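Observations on the three-dimensional arrangement
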Amino acid sequence: MTGAGRRLAALRGLGAAVPTPTAVAERLRTPDLLQVLALFLAALLFVLAVRWPGQGEANEAWFALAQTRMTLLALAALGYGAAEGRLPRHQRRVTAAALMVFVAVSLPFDVAAYAASFPAVPLLWAACLPFLEVPAYFGMGILLGRLAHRLRVTALLPLLVPALLVAGIALDVRLGVDVIDPLTAPLRVSWVHLAVITTLAAATVLALTRGHPDEDGASTAEGAS
Amino acid sequence: MEMFAGSGPRGRALLAALAAALALVMSLPTRAGAQPGPTSAVVELGLGGHLVAGAWNPLRVTVRDVGPSVLRLRIDEGSLLTGPRIVEVRAGLPGGSGVTVFDDDVYVPTFRSLSWTLTQGDTVIASGSLGAGDSDPRPLEVLLSSRPGSWRAAFAPDARLVDVAASDLPARAAAYDGVATVLIDGSAAAPRPEAVAAAAAGGAQVLLVGALPGSQTGLVSLAGSGRSRLGAGEVARVADDPSAVRGARAAWRPQDRSALVQALALEPGVRPPRGVGQPVVLSLAAAFVLAVLLALRFGGAPGIAAALVLAAVVSLAGWRALRPAEPVLTASRSVVVGGGALGLRFDVEERLTLPAGTVAVPEAGYPLTPMPYRVSDGATEVDLPRWHAVSIVLRPVLRSPELSFEGSALRNLGSAPLRDVVVLGLGRQPDLAPGAIQPLTRGEEGGLPPLMARLAAVLPPGSALARAPSGVLVALPPPSGVAEATP
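Described in the following lines is the structure provided in the data block. Please read all numbers here as calculations on a predicted model, not as lab measurements.

With that out of the way, let us pick up the pattern of salt bridges. If you walk through the whole model with that rule in mind, you get 27 salt bridges over all chains. Ionic pairing is found between B:Asp136 and B:Arg138, a salt bridge with its closest N-O pair at 2.8 Å. One continuous salt-bridge network, built from bridges that share partners, spans A:Arg27, A:Asp32 and A:Glu84.

The following block contains the structure:
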């Protein structure tokens, strides 16, 4: 096969790996994900209600909103990744895509609060970071789920997920550098954080799109069932 | 060759020593030229070296045969309670061969320490420092006299009398911010008339004592018929007697310039953007959330597309509706205090920054609220946290007055119509068209715009105020006072 042929085949493979909108829509309609989304958006509404200033006062709403949004997104991605770590890859892909919809539909909160608050961090950073953060944390969740399964402590996952998040925050506080902490990530540009998150996100995408074809076939069958 | 060849090792050593000595002698002029001695630069801060804290002070740097250099002043205006609060002043000096004199005015706050360095690249050419003991806020009583001791009795015991040379008087009004009186008795070298005019316009009382010699008759004309207003100050002739000088000083009511600036900046001219109210934001956000959830629950694949499009549209609409037009909001206010043929313009620039950052004003000034700031080559910079405002008081400058008294009338000397004309004590006057002369009449009192009312509270009775497009104009009353025109 020529180089161009290999690239075409790879693209076809990638296209086959991307979940269809119908599959994502079906996943989003499931009660668990829809309720989590509703809770997530309600939490953002609550932050707006608490932090939006009176007229003429300094607008600090974005800072609380961006931190809440990023932390909840990371928590959701970590949790779903851990919970679906042992599920077929196709299902994980669909859930990851559904979580990306979370990021997209919560973007107006971030943009509107950013516009009114005038933070120093660039909008590009604030808007794009969650699109990397979610797959990165989803991948970490998968690893956590598999590790918990191997250690036979799956029952502790509801504790391990937030513990991993807190451990990441504590690590950053100890190091004095933004590496993995989703809480402070949106507030300041950190190239270290960007590099780590991009690497993790890329690894997750690779892990979800490439792998043993048998697993995909099995997973498709499982997903359909 | 024979001589050196025959001399052996001792001869070679002698030759090496001679060569080294020759090299040293040849290198001496070059080294002296590259590293000028400390006497080649003189920095003088304050009138004649007398500095007034909390006022604009003249700064003179004189360098000889020094290339382009940089003067840096570092003033710590902090206290034990607040800690260090650093003011940095930086000025680039062109320099060159021969003598170069650099003149400027620097606002010196009350300080704990003040140090300066004159550097050329990494080389410090000259430096110096002052301590808290040199931070004296008392205004200067400047004497131009060969017998300064004879005037001691004319001033209060705690007055700060300084004896300066005529050549020390700059011709810039701001340089006299910390000067109360300039006494000229004709016994010393004559100062330049423009320096004397600048002193008076800057707010000082210039006293021309006794009969001045013929070489100083130009100064006498500044005093008019004996006492006349000039800018924010006055020029008066008095008898050659300490008691007469004391009487003239007692009769003088100087215009409080700092009160004028405070009145100018009291009310914020720039306010944070009003933005969109919380009920509106919450209602729209809740509606958006509901629409998204419904689209995802019942819309299937098209529902996802609809939710994503809706999110994009709401993001764009939210950005357009909530984003203030400018990250830094600006406002400026000015007042020109005129008397006679000169006026002194005070400006206050206000900046409100929404993101944290540095706000800059392209002129020298200082923040009205004490905080660290920098003045770099005539531009003022202040670092502010987000959503904070600062009022920067600019260096006062001389201007032609646009409103003046002419006998019992007011005249508009400018090219713009004047509105809200009022004379304190006489009340409102009719608006003044460009070039118009309006006899003084008795009018209604009160009802002034807030800014003019605040300014009126710190001006002497008889002062005229008017509102022009460029700011507020003030004409200080002539020494003889103002009266209603007789029909």
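Summary: where empty space remains is shown by rolling a probe the size of a single water molecule over the atoms. Considered as a void within the structure, the largest pocket measures approximately 720 Å³ in volume. Put simply, the parts of the chain that give the lining of the largest pocket at least two residues each are strand S2 (55-66), strand S10 (179-184), helix H5 (257-265), strand S17 (365-367) and strand S20 (388-394) of chain B. Considering each element in turn, the lining of the largest pocket owes the most residues, 4 residues, to H5(B). Along the lines of polarity and charge, the residues of the lining of the largest pocket split into 23 nonpolar, 10 polar and 5 charged. As a volume, the second largest pocket reaches approximately 330 Å³. Surrounding the second largest pocket, 16 residues form its lining, A:Ala112, B:Val281, B:Leu284, B:Val314 and B:Gly318 being those nearest its centre. Those elements that place two or more of their residues in the lining of the second largest pocket are helix H6 (107-117) of chain A together with helix H6 (278-298) and helix H7 (300-322) of chain B. Per-element tally for the lining of the second largest pocket: the top contributor is H7(B), with 5 residues.

Further remarks concern the packing of aromatic side chains. Remark: the centre distance and the inter-plane angle together describe each pair of aromatic rings, the angle taken between the planes. What the rule picks out here adds up to 8 aromatic pairs over all chains. Relative to A:Tyr114, the ring of A:Trp62 has its centre 5.7 Å away and its plane inclined at 85 degrees; by these criteria the two rings are edge-to-face. Taken together, the positions of A:Trp62 in helix H4 (residues 61-83) and A:Tyr114 in helix H6 put the pair 52 residues apart, joining distant regions of the chain. Relative to B:Tyr107, the ring of B:Trp56 has its centre 5.7 Å away and its plane inclined at 65 degrees; by these criteria the two rings are edge-to-face. With B:Trp56 in strand S2 and B:Tyr107 in strand S5 (residues 96-108), this residue pair connects regions lying 51 residues apart in the sequence. Residue B:Tyr107 is classed as buried on the basis of its relative accessible area of 14%. Of note, B:Arg323 hangs over the ring of A:Phe118, and the distance from its end group to the ring centre comes to 3.7 Å.

So, on to empty space enclosed by the protein. All names here are of chain B. The tally for this structure, following the rule as stated, stands at 2 cavities of 30 Å³ or more. The calculated volume of the largest cavity comes to roughly 130 Å³. The wall of the largest cavity is formed by 19 residues, among which Val-89, Asp-105, Val-106, Ala-364 and Val-375 lie closest to the centre. For the lining of the largest cavity, the secondary structure elements donating two or more residues are S2, strand S3 (69-76), strand S4 (86-93), S5 and strand S18 (373-376).

Turning our attention to the interface of chain B and chain A. Each partner contributes residues to the interface: chain B has 36 residues there, and chain A has 37 residues. Where chain B abuts chain A, roughly 3,200 Å² becomes buried across the two surfaces, and 73% of that area is made up of carbon and sulfur atoms. When the buried area of chain B at its contact with chain A is split by residue, B:Leu296, B:Arg386 and B:Trp387 rank highest and sum to 17% of it. Inspection of the chain B/chain A interface yields 1 salt bridge. Where B:Arg386 meets A:Glu60, a salt bridge forms, and the shortest distance between an N and an O atom there is 2.5 Å. On inspection of chain B and its partner chain A, the count reaches 7 residue pairs in polar contact (both at pLDDT 80 or more). Of all elements in the fold, only H6 and H7 of chain B reach the threshold of two or more residues within the side of chain B that touches chain A. Counted by class, the side of chain B that touches chain A contains 25 nonpolar, 6 polar and 5 charged residues.

Looking now at the side chain of B:Arg351. All names here are of chain B. Tracing the sequence through the fold places Arg-351 in strand S15 (residues 342-353). At 2.9 Å, the side chain of Arg-351 and the side chain of Glu-349 are in polar contact. What Arg-351 contacts, discounting residues up to four positions off in sequence, is Val-328, Leu-329, Thr-330, Ala-331, Val-359, Ala-360, Val-361, Leu-384, His-388, Ala-389 and Val-390.

All names here are of chain B. The strand order across the open sheet formed by 7 strands is S7-S6-S3-S4-S18-S19-S16, and the pairing between neighbours is mixed. A strand with exactly one partner marks an edge of an open sheet, and here the two such strands are strand S7 (123-131) and strand S16 (357-361). Neighbour-to-neighbour, the strand axes of this sheet turn through a mean angle of 15 degrees, independent of strand direction. Of the strand pairs in this sheet, S3 and S4 are connected by 8 bridges, and their pairing is antiparallel. Paired with Arg-74 across the strands is Glu-88, a residue of S4.

The rules behind the values
Residues numbered from 1 in each chain as written. Chains lettered and ligands numbered in written order. Predicted model: local features only at pLDDT ≥ 70, side-chain atom pairs only at ≥ 80, totals over all residues. Heavy atoms only, no water. Salt bridge = Lys/Arg side-chain N within 4 Å of Asp/Glu carboxyl O. 1 Å grid on protein atoms, 1.4 Å probe; cavity = no way out; pocket = protein on both sides within 12 Å on 5 of 7 lines; lining within 4 Å. Points joined across faces, edges and corners; volume = space filled by probe spheres on them. Helix = DSSP H or I, 4+ residues; strand = E, 2+ residues; numbered from the N terminus. Nonpolar A, V, L, I, M, F, W, Y, C, P; charged D, E, K, R; others polar. Phe/Tyr/Trp six-rings, centres within 6.5 Å; stacked < 30°, edge-to-face > 60°. Buried < 20%, exposed > 50% of the residue type's maximum accessible area, 1.4 Å probe, protein only. Lys NZ or Arg CZ within 6 Å of the ring centre and 35° of its normal. Contact = heavy atoms within 4.5 Å. Buried area = accessible area lost by both parts, 1.4 Å probe. Polar contact = N/O pair within 3.5 Å; in protein donor to acceptor, adjacent residues only side chain to side chain. Pairing = 2+ DSSP bridges. Axes fitted to C-alpha atoms, helices over the stretch in contact; angles between N-to-C directions.

Any functional reading would require information that these geometric values do not contain.
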